[in-house]
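# Tertiary structure, described
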Amino acid sequence: MSAVEHRAILKYRLMVPLFPVDDPCPVCRKSCLDSFGEHAIHCKELPGFKYRHDFVRDVLYDVLKRAGISAKKEAPVNFLTDPLEGRSTLRPADFLVFGWEGGKHACVDLTGVSPLVGLRDHGFVAGQAITKAEATKVAKHEKACIENQHVFVPFAFDTFGALAPDAVRLLKRVQQVVSSNTAHVKGQNFVFSRVGFAIQKGVAAQLVARLPVISL
């Protein structure tokens, strides 16, 4: 991580203003590039919107490979559909883990959200954003996976680095596999640390790409 990225992610985590003014987003023109950077990393119309998602996916896939777990990235499965669309989208799984549970393959689907979703709403609860994102993914894909003799594992994380329960369970199991193959504590700790760093690196890169030149 570069020095500029490191400063950007520290400011974001500490909620120190990153942008001098609340200028309208030049791409979607629907929201402001708020001074804290929330819109800059969540606007779906900004170039590179999927960078953070794909970067975390690639790092997690590499962690699985290093642990000796057989998996396939962007695995084509023909049953991950959106029920609201009413048709097959032939959507690939972010990655497919072979023989993950009871001999069944697991479809792992990543999603990243802001921990500040609903902050202005009455009854805001810290951590609710990732648990809601996880539940949404389960409602969307779990039934189809079960019907096709697969298991579904949502991997939800927020931009501050927190992980939803299913994501924690997946990484703990990966850590157990690593632990069984090495006696070194350092070799076991890389699982959570690499994924956590990947999340922050992805967010930092998106923030820096939006910062005005004077801030660099």
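Report follows, based on the coordinates.

The rules behind the values
Residues numbered from 1 in each chain as written. Predicted model: local features only at pLDDT ≥ 70, side-chain atom pairs only at ≥ 80, totals over all residues. Heavy atoms only, no water. Helix = DSSP H or I, 4+ residues; strand = E, 2+ residues; numbered from the N terminus. Expected span 1.5 Å × (residues − 1). Buried < 20%, exposed > 50% of the residue type's maximum accessible area, 1.4 Å probe, protein only. Arc of directions from axis to C-beta.

Take unusual backbone geometry next. Within the chain, M15 stands out as a residue other than glycine whose phi angle is a positive 60 degrees. Tracing the backbone shows M15 in the loop between α1 (3–14) and β1 (23–24). Although it is not a glycine, E74 adopts a positive phi angle of roughly 50 degrees. Relative to the helices and strands, E74 is located in strand β3 (residues 71–75).

Let's shift gears to α1. Because each turn of an α-helix spans 3.6 residues, side chains separated by three or four positions in sequence point in the same direction. Here α1 contains 12 residues, and its C-alpha end-to-end distance of 16 Å stays within 8% of the 16 Å for a straight helix at 1.5 Å per residue. The complete set of buried residues in α1 reads E5, A8, I9 and Y12. Buried residues along α1 cover an arc of 95 degrees about the axis, so they all sit on one side. Turned more than 90 degrees off the buried face of α1, the exposed positions are A3 and L14. Positive backbone phi, at 60 degrees, marks M15, one or two positions downstream of α1.

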